[in-house]
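Residue-level structure breakdown
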Amino acid sequence: MRDLLPAHLMTDLRRRYGEPQRHYHTWAHIEVLLKLFDEVKSDLADPVAVQAAIYYHDAIYDPTAADNETQSAALLRREGDGVLTDTSLEAAVQLIEATARHRPPEDLDAPALEDAKLFLDMDLSILAAPWPAFCTYEAAIRREYAHVEEADFRVGRRKILEALLQRDRLFLSRRFAPRWEAPARANLRRSLANLG
């Protein structure tokens, strides 16, 4: 399934994920998700949609913009037309749009909902990484937001971490939630404490 997309689209995606403003949202992030995808693909109702969403979910990434998810979904809609079936294309677009809030769309049938839960969990898997890897992630995010003054960044980051911790569940899938929920919450609490 690695040959899901034509070579010219893959080349363009790799170029996009190599843009200079990226430090976490790079091709390395995609590779992590593809390894997790390999772990779950036999359980997916629409593995093509999930794989396409992995490739495109951060294809457009401007740390100063508020509509990266919408723009990335629109890019896939354009580039995936005639490459993916209409059903898989629309499912992938929905998955990408769901990363804006990291909540599954409400109108999905049961199999598509399970796909969405797995995809969204995979995208947040870094939150449950061992502490040194989590710190590397946080440093990379800070570099992506280098245009934000330190005091403002700390205030904004605190709000994001607090909002995550207030969720009933960070991870939604039966496969990943038991594995990742506790370490992710520990990392978030520790990071929040470090912000002062």
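You'll find the structure just up there.
Bear in mind that the values here come from a model prediction, so they are computed numbers and not experimental data.

Structurally, the position occupied by Ser125 is in the loop between α6 (110-123) and α7 (131-144). According to the relative accessible area criterion, Ser125 is buried, its value standing at 13%. Looking at Ser125, its side chain comes within polar contact range of the main-chain oxygen of Met122, at 2.9 Å. In this structure Ser125 touches Val32, Leu33, Leu36, Phe171 and Trp180, once residues within four positions along its chain are discounted.

As a further point, take the pattern of salt bridges. Within the structure shown, the criterion is met by 16 salt bridges. Put simply, Arg77 and Glu90 hold a salt bridge, and the shortest N to O gap is 2.5 Å. Taken together, the residues Arg77 in helix α4 (residues 68-80) and Glu90 in helix α5 (residues 86-98) connect sequence positions 13 residues apart. Close ionic contact of Glu162 with Arg158 constitutes a salt bridge, the shortest N to O distance being 3.2 Å. Placement of the pair is Glu162 and Arg158 together in helix α8 (residues 150-166), with a separation of 4 residues, close to one helical turn. For Arg158, a relative accessible area of 25% puts it in the partly exposed group. Each of Glu39, Asp43, Arg175 and Arg179 takes part in salt bridges that share partners, so that together they form one network.

Glancing now at the layout of surface pockets. Computed from the structure, the largest pocket encloses a volume of approximately 930 Å³. His25, Glu69, Thr99, His102 and Ile160 are, among the 34 residues lining the largest pocket, the residues nearest its centre. For the lining of the largest pocket, the elements supplying multiple residues, two or more each, are α4, α7 and α8. With 8 residues, α8 is the largest single contributor of residues to the lining of the largest pocket. Tallied by class, the residues present in the lining of the largest pocket amount to 17 nonpolar, 8 polar and 9 charged. In this structure, the second largest pocket occupies an estimated 240 Å³ of space. Around the second largest pocket sit 17 residues that line it, and Tyr24, Ala28, His29, Val32 and Ile126 are the ones nearest its centre. Listed by contribution, the elements that provide at least two residues to the lining of the second largest pocket are α2 (27-40), α6 and α7. Residue contributions to the lining of the second largest pocket peak at 5 residues, all from α7. Classifying every residue of the lining of the second largest pocket by side-chain character gives 10 nonpolar, 5 polar and 2 charged.

Right, let's talk about the packing of aromatic side chains for a bit. Where two aromatic rings form a pair, the distance of their centres and the angle of their planes describe that pair. For the structure shown, the criterion picks out 8 aromatic pairs. For the pair Tyr24 and Tyr137, a centre-to-centre distance of 4.9 Å together with 75° between the ring planes defines the contact as edge-to-face. Of this pair, Tyr24 sits in the loop between α1 (7-17) and α2 while Tyr137 sits in helix α7; the two residues are 113 residues apart in sequence, bridging distant segments of the chain. The class of Tyr137 is buried, set by a relative accessible area of 11%. On the numbers, 5.6 Å between centres and 55° between planes, the contact of Phe134 with Tyr137 is tilted. Residue Phe134 and its partner Tyr137 are located together in helix α7, separated by 3 residues, close to a single helical turn. Across this residue pair, the class does not change: Phe134 and Tyr137 are buried. Aromatic ring contacts, followed pair by pair, group Tyr24, Trp131, Phe134 and Tyr137 into a single cluster. A cation over an aromatic ring shows up here: Arg22 above the ring of Tyr17, its NZ or CZ 4.7 Å from the ring centre. Sitting above the plane of the Phe153 ring, Arg142 keeps its charged end 4.3 Å from the centroid.

Conventions adopted
- Residues numbered from 1 in each chain as written.
- Predicted model: local features only at pLDDT ≥ 70, side-chain atom pairs only at ≥ 80, totals over all residues.
- Heavy atoms only, no water.
- Helix = DSSP H or I, 4+ residues; strand = E, 2+ residues; numbered from the N terminus.
- Buried < 20%, exposed > 50% of the residue type's maximum accessible area, 1.4 Å probe, protein only.
- Polar contact = N/O pair within 3.5 Å; in protein donor to acceptor, adjacent residues only side chain to side chain.
- Contact = heavy atoms within 4.5 Å.
- Salt bridge = Lys/Arg side-chain N within 4 Å of Asp/Glu carboxyl O.
- 1 Å grid on protein atoms, 1.4 Å probe; cavity = no way out; pocket = protein on both sides within 12 Å on 5 of 7 lines; lining within 4 Å.
- Points joined across faces, edges and corners; volume = space filled by probe spheres on them.
- Nonpolar A, V, L, I, M, F, W, Y, C, P; charged D, E, K, R; others polar.
- Phe/Tyr/Trp six-rings, centres within 6.5 Å; stacked < 30°, edge-to-face > 60°.
- Lys NZ or Arg CZ within 6 Å of the ring centre and 35° of its normal.

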